[in-house]
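Each chain, written out:
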Amino acid sequence: MKFKYGINEIPPLGHLLLFGLQWLAIIIPIILIMGTAVTSLHPSGIIQQVVYIQKLFFVVAVALFGQVIWGHRLPIIIGPATVFLVGMASGGGNNPEAVYTSILLGGLILAVVSITGLFARLKKLFTSTVVAVILILVALTLTPMILNLVTAPTAHASSFVNLCFSLTMVFCMFIAAKYSRGVWKSTLIFWAVIVGTLAYLVLFPMSPLPPNDLPVVATFWRDLQPSFVFDSGIFISFLICYLALSVNDLGSIQAVDGLLKPDNMPKRITRGVATTGLVNVLAGFLGVIGVVNFSFSPGVIISSGVASRYVFIPTSLMLLALSFLPKTTAILGSIPSVVIGSSMIYIMCSQIAGGLQIVQSKDYKFESGLVVGLPIILGVIISYLPLAVLNTFPPIIKPVLGNGFVVGVITVLIMEHIVFPRKG
């Protein structure tokens, strides 16, 4: 594929800022959603919730800057790891100090293991078929979250109304993508979030103003008092979570490798996973959920046509600034969930298109279709398992077998290299 800007190309300043804002518009809702989800496990007031999200902004900013400058040096967005939510919900919700101690220790172990070069040696397992399945898996296993976003009722709109709004917004985005050109096409997602939010607020008026007792500028470490508690059960649970996270992290890097074909991938993988581990040490110290490289990055790259890693520098700097602006953080939390979900639908369609393009570039037999089909089916089934079923899983394997993406990746590796191995 041809891109407007390559990995190591620096766009003009205006384009650099616009593309940075586009990635910012994508990652902010995810940070807000995850921050709210985590704080709901140990309820606190609005002030504590905003402080938690401030710390998340800071950790993601450090992670993004570190990956672009020193880590994998690829255009991959990074954000809160949903797999850690499983560990928190399965037993650590009532003991947050033990959770964040486990995140810190697990991040340290991940960094040490990565520095040995282990993950770089696993690169040969990620064939073009595996990469294609990973791209499609990410899109399909995120559909439960997207469904919740676009159908969540509010005081002003029912689930049906929100679904209709989402379908209208998605079709408008595709029509705009067909007729827009240049930088407008590349930054379509950013403009869609802005226009969609304004349209929703006009149709269903609500107040986006934050509480009056929030300061405009404030540091998140003013009352920071790290407390470390080791719990062997929670620690083992989070080691399993880190196994799932490492598969996710490696898969995310390999997905971009399959799309952009950068040089020196073993070194990029080693540095990328090691940086993820070190940032998770920081996350555990600050008492927030850990981070992971996101596998949907290729979808945004394809839809925008921009593969430059330098657009993440302004994104990281803006996230860093937001970590000191609690009132602005609270205002950003007013972006309607239906707008976020609709934008995710557009991005995931681009991701599926990228995966299908890789599949079609090879001469596949019927068995090859089975290699693609089974992981996708299993990933979707696991993703839609009811909570009552997930709660019957043994806690030690729940983070792995309860994660549709991880199950799909493991399945495609087994199908590709054990069940239907291909010579050469």
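These lines cover the structure that appears in this document, whether it is placed above or below. For clarity, every value in this text was computed on a predicted model and none was experimentally measured. Every chain is numbered on its own, with residues counted from 1 as its sequence reads. Local features in this predicted model are restricted to residues whose pLDDT is 70 or higher, and side-chain atom pairs enter the listing and the counts only when it is 80 or higher, whereas totals over whole chains, interfaces and linings include all residues. Only hydrogens and water are set aside when side-chain values are computed; all heavy atoms of the structure are taken into account.

### Here's the deal with the nonpolar core
So, step 1. To qualify as a nonpolar core, a set must consist of buried Ala, Val, Leu, Ile, Met, Phe, Trp, Tyr and Cys residues joined through side-chain atoms within 4.5 Å. Using a 1.4 Å probe on the protein chains alone, a residue whose accessible area is under 20% of its type maximum counts as buried, one over 50% counts as exposed, and one in between counts as partly exposed. Grouped together as the largest cluster of nonpolar side chains are 123 residues, with contacts concentrated most on Phe84, Phe296, Leu319 and Met348.
So, step 2. Phe84 has contacts with Phe238, Cys241, Tyr242, Leu245, Asn280, Ile289, Gly290 and Val291, leaving out every residue within four places of it along the chain. What makes two residues a contact is simply this: any of their non-hydrogen atoms within 4.5 Å.

### Quick look at unusual backbone geometry
When glycine is set aside, most residues are seen to have a negative phi, and most peptide bonds are trans.
So, step 1. Despite not being glycine, Lys261 shows a phi value in the positive range, around 55°.
So, step 2. Labels follow the DSSP assignment, with helices taken as runs of H or I lasting at least four residues and strands as runs of E lasting at least two, numbered in each case from the N terminus. Among the secondary structure elements, Lys261 is positioned in the loop between helix 11 (232-260) and helix 12 (265-286).
So, step 3. Here Lys261 falls in the exposed class, since its relative accessible area comes to 62%.
So, step 4. Notably, Asn264 is not glycine yet its phi reads approximately 50°, a positive angle.

### Quick word on a nonpolar patch on the surface
So, step 1. For patch building, the residue pool is restricted to those with more than 30% relative accessible area and no salt bridge; the joining distance is 9 Å between like charges and 5 Å between nonpolar side chains (Val, Leu, Ile, Met, Phe, Trp, Tyr). Accessible surface area values rest on a Shrake-Rupley calculation with a 1.4 Å probe, where residue burial reflects the displayed protein chains alone. Every case where a carboxyl oxygen of Asp or Glu lies within 4 Å of a side-chain nitrogen of Lys or Arg is listed as a salt bridge. On the surface, a nonpolar cluster with roughly 310 Å² of combined accessible area is contributed by Ile236, Ile396, Ile397 and Leu401.
So, step 2. Position of Ile396 relative to the elements: it lies in the loop between helix 18 (387-390) and helix 19 (398-401).
So, step 3. Residue Ile396 is classed as partly exposed on the basis of its relative accessible area, which comes to 43%.

### Thoughts on the environment of Leu390
So, step 1. Position of Leu390 among the secondary structure elements: in helix 18.
So, step 2. Residue Leu390 is classed as buried on the basis of its relative accessible area of 15%.
So, step 3. Sequence separation between Leu390 and Pro336 is 54 residues, and the spatial gap between their C-alpha atoms is 29 Å.
So, step 4. Aside from chain neighbours lying at most four places away, what touches Leu390 is Leu385, Lys398 and Gly402.

### Considering the packing of aromatic side chains
So, step 1. Under the pairing criterion, centres of Phe, Tyr and Trp rings, with the six-membered ring standing for Trp, must be within 6.5 Å; the plane angle then separates stacked pairs below 30 degrees from edge-to-face pairs above 60, leaving the rest tilted. Summed over all chains, the structure comprises 13 aromatic pairs.
So, step 2. Seen from their ring centres, Trp23 and Phe312 are 4.7 Å apart, and the 40° between their planes marks the pair as tilted. Remark: Phe312 occurs in helix 14 (residues 312-322) and Trp23 occurs in helix 1 (residues 13-41); sequence separation between them is 289 residues.
So, step 3. Take Trp23: its relative accessible area is 3%, and that puts it in the buried class.

### Focus on the packing of helix 6 (residues 128-141) against helix 20 (residues 404-419)
So, step 1. Convention adopted: a line fitted to C-alpha atoms gives each axis, helices being fitted over their contacting stretch, and angles between N-to-C directions are expressed from 0 to 180 degrees. Running from amino to carboxyl end, helix 6 crosses helix 20 at an angle of 160°, the nearest separation of the two axes being 10 Å. The pairing of helix 6 with helix 20 is recorded here as roughly antiparallel in orientation. Both helix 6 and helix 20 take part in a crossing whose hand is right-handed. Taking contact as the criterion, the partners of Thr129, Val130, Val133, Ile134, Leu137, Val138 and Thr141 in helix 6 are, on helix 20, Gly404, Phe405, Gly408, Val409, Val412, Leu413, Glu416 and His417. Comment on the angle field: the value is read as roughly parallel under 35 degrees, roughly antiparallel over 145, roughly perpendicular from 65 to 115, and oblique elsewhere. Left-handed is the label given to a crossing in which the near helix is rotated counterclockwise from the far helix by less than a right angle, and right-handed is the label when the rotation is clockwise.

### Focus on the packing of helix 2 (residues 46-69) against helix 12
In a pair of packed helices, the angle between the axes and the distance between the axes together describe the arrangement.
So, step 1. Contact geometry of helix 2 with helix 12 gives a least axis separation of 10 Å together with a crossing angle of 160°. Considered as vectors, helix 2 and helix 12 are oriented roughly antiparallel to each other. Note on packing geometry: the crossing formed by helix 2 with helix 12 is right-handed. Every residue of helix 12 that contacts helix 2 at Lys55, Phe58, Val59, Val62, Ala63, Gly66 and Gln67 is listed here: Arg271, Gly272, Thr275, Thr276, Val279, Leu282, Ala283 and Leu286.
So, step 2. When residues are grouped by polarity, Ala, Val, Leu, Ile, Met, Phe, Trp, Tyr, Cys and Pro land in nonpolar, Asp, Glu, Lys and Arg in charged, and all others, Gly among them, in polar. Grouping the constituent residues of the contact of helix 2 with helix 12 by class yields eight nonpolar, five polar and two charged.

### Remarks on the environment of Val338
So, step 1. You can see Val338 is positioned in helix 16 (residues 337-360).
So, step 2. Separated by 141 residues in sequence, Val338 and Thr197 have C-alpha atoms that sit 9.0 Å apart.
So, step 3. Contacts of Val338, omitting those with residues within four sequence positions, involve Leu149, Val150, Asn162, Phe165, Ser166 and Tyr200.

Purely geometric stuff here, so don't read any function into it on its own.
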